[in-house]
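Secondary and tertiary structure notes
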Amino acid sequence: MDLFTFTLQTGEVSVAFSPEPSVTAFGPEGGIYVVDKHTEPLLRRCAGFDPKAPLVSLEPGEDHKSLDSIQKILTAALDASLGRDSLFIGFGGGVITDMAAFAASLYMRGARLELVPTTLLSMVDAAIGGKTGIDFGNAKNCVGTFYPASLIRVSVSYLASLSEAEFRSGLAEVMKTALLYAPKLFQIMQERREHILSRDPDLMLEVVKRCVQAKARVVERDLKESGERMYLNLGHTFGHALESVAGFGRVSHGDAVAWGIGRALNLGLRLGITDPEYLTDVLPVLESYGWCTAPVHPALSGGDRSRELLAAMKNDKKKKGGAVRFILQREMNSTLAQTVSDEDVLAVLS
Ligand SMILES: NC(=O)c1ccc[n+]([C@@H]2O[C@H](COP(=O)([O-])OP(=O)(O)OC[C@H]3O[C@@H](n4cnc5c(N)ncnc54)[C@H](O)[C@@H]3O)[C@@H](O)[C@H]2O)c1
């Protein structure tokens, strides 16, 4: 097993990379597994799995990232008489790791926590960095805590059963990380596309490790998103607006984020911030993965939707109580956040 450790204000986090799927065996303090219906069979095949331990198997998907699910987890933990020293193991994609971590942070004012991310997105992003939460009302992730796991177990073997759409969602986050922090990772994405798309385990291990290390460095410096961590939203302001205007589910999160990265770089170009050569390097790589780089995404039909997209961005931000700050890049590894006039935003959308 290969171990990587980083330190947050809250303590040390270890990330264990191993080819074999495994979970920590519960000690005398006991513990609880949190899975969804898709990841439960994967957990049951893991080394260290205890079939007699309490297990909460939730319905999969964002619709179930709710207080109701948290209640199920907490009730099961209490029914099993678990104490604060017990171990919560969240085993699944970002929905499950966010919820298991949220429940662990609440249970007895903080139980022990291990996360086993099983989607590419959760390996490179959601499980790393301590943000937990659920959706509430009509706002995503608006109720939650900062509660980093002490151990994150990563095995890229889980990627084999992931749907194409889920895999591509994770890949968009990998691309984002590459552009923000990791030129070598960008080079890998550029030169080894076939191997990445075929989910070559050795290469995916290298890709995931590079992403984990990059994100760990960011959250070490800015756990609570007071500054630099907001750069991780590159492509997301445009991407979320596209998901919302096209209608949720019509365009996948990853495809929306990748399109959003292209729009953000074009916005930077228009503002004289982004180096034109950088854009010329990045856009063909986005296109080579099948991501749209045109101003108008094909998921949008029925005339000019640019004003709707702008309204969606403002609405999203209003819920978070601030002005829209766009994440822009001068070039790879050189990022800034700033407000932008409506006119400039509209210009890159039609
Ligand atoms: N905490 C953070 O910092 C952070 C960062 C990014 C995203 N997120 C959150 O992550 C969530 C999205 O995560 P996600 O994309 O992993 O979605 P997800 O958890 O909904 O998983 C996607 C689907 O894949 C299934 N699945 C999971 N692993 C599988 C496997 N190995 N094989 C087959 N199917 C598998 C799941 O059951 C689900 O149906 C969002 O709720 C988002 O808010 C959190």
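In the block above lies the structure referred to throughout.
Residues numbered from 1 in each chain as written. Predicted model: local features only at pLDDT ≥ 70, side-chain atom pairs only at ≥ 80, totals over all residues. Heavy atoms only, no water.

Digging into the site of the ligand
Our working rule: Nearness is judged by heavy atoms alone; a residue qualifies as near a molecule or strand once a single heavy atom is within 4 Å of it. Here a polar contact is recorded for every N or O atom pair within 3.5 Å, except that within protein the pair must consist of a potential hydrogen donor and a potential acceptor, and residues adjacent in sequence are included only if both atoms are side-chain atoms. The protein chains shown are the only cover counted for residues, whose accessible areas, like all others here, come from Shrake-Rupley with a 1.4 Å probe. To qualify as a helix, a DSSP run of H or I must reach at least 4 residues; to qualify as a strand, a run of E must reach at least 2; elements of each kind are numbered from the N terminus. Nonpolar residues are Ala, Val, Leu, Ile, Met, Phe, Trp, Tyr, Cys and Pro. Charged residues are Asp, Glu, Lys and Arg, and all others, Gly as well, are polar. These domain boundaries are the output of an automatic or database domain assignment.
Around the ligand lies a shell of 25 residues, among which D36, E62, T118, T119 and S161 are the nearest. Within the side chain of D36, a nitrogen or oxygen atom sits 2.7 Å from an oxygen atom of the ligand. Separating a nitrogen atom of the ligand from a side-chain N or O atom of S161 is a distance of 2.7 Å. Considering the ligand on its own, with 860 Å² of exposed area, one finds that the protein chains cover 85% of that surface. Broken down by secondary-structure element, the contributors of at least two residues to the shell around the ligand are α3 (94–106), α4 (120–126) and β8 (139–143). For the shell around the ligand, the class distribution of residues is seven nonpolar, eight polar and ten charged. Each of two domains, domain 1 (2–163) and domain 2 (165–347), supplies a minimum of three residues to the shell around the ligand.

Notes on the packing of aromatic side chains
Test applied: Working definition: rings of Phe, Tyr and Trp (its six-membered ring) pair if their centres are within 6.5 Å, and the pair is stacked with planes under 30 degrees apart, edge-to-face with planes over 60 apart, and tilted otherwise. Residue burial is assigned from relative accessible area. The probe radius is 1.4 Å, only protein chains are included, and a residue is buried under 20% of its type maximum, exposed over 50%, and partly exposed in between. Working rule: Lys NZ or Arg CZ, within 6 Å of ring centre, within 35 degrees of ring normal, means a charge sits over the ring.
Counted according to the given criterion, the structure contains eight aromatic pairs. Judged by centre distance (4.7 Å) and plane angle (40°), the ring pair of F26 and Y33 falls under tilted. Judged on exposure class, the residue F26 and its partner Y33 are both buried. Ring centres of F238 and W259 lie 6.4 Å apart, and the angle between their planes is 90°; this geometry places the pair in the edge-to-face category. Here W259 lies in helix α10 (residues 253–270) and F238 lies in helix α9 (residues 236–246), a separation of 21 residues in the sequence. The pair formed by F238 and W259 is uniform in burial state, with each residue classed as buried. Taken together, the ring pairs connect F26, Y33 and F49 into an aromatic cluster. Here R199 stacks its cationic end above the ring of F167, 4.4 Å away from the centre of that ring.

Some details on the pairing of strand β11 (residues 334–338)
To be explicit about the condition: Strand pairing is assigned whenever DSSP detects at least two bridges linking the two strands.
Where burial is concerned, most of β11 is hidden: four out of the five residues are buried. Direction of pairing for strand β10 (residues 326–331) relative to β11: antiparallel, over a ladder of five bridges. By the bridge assignment, F326 is partnered in β11 with Q338. Between β10 and β11, which pair antiparallel one after the other, the connecting turn spans two residues, and N333 there sits at a positive phi close to 70°.

Remember, this is a structural readout, not a statement about activity or role.
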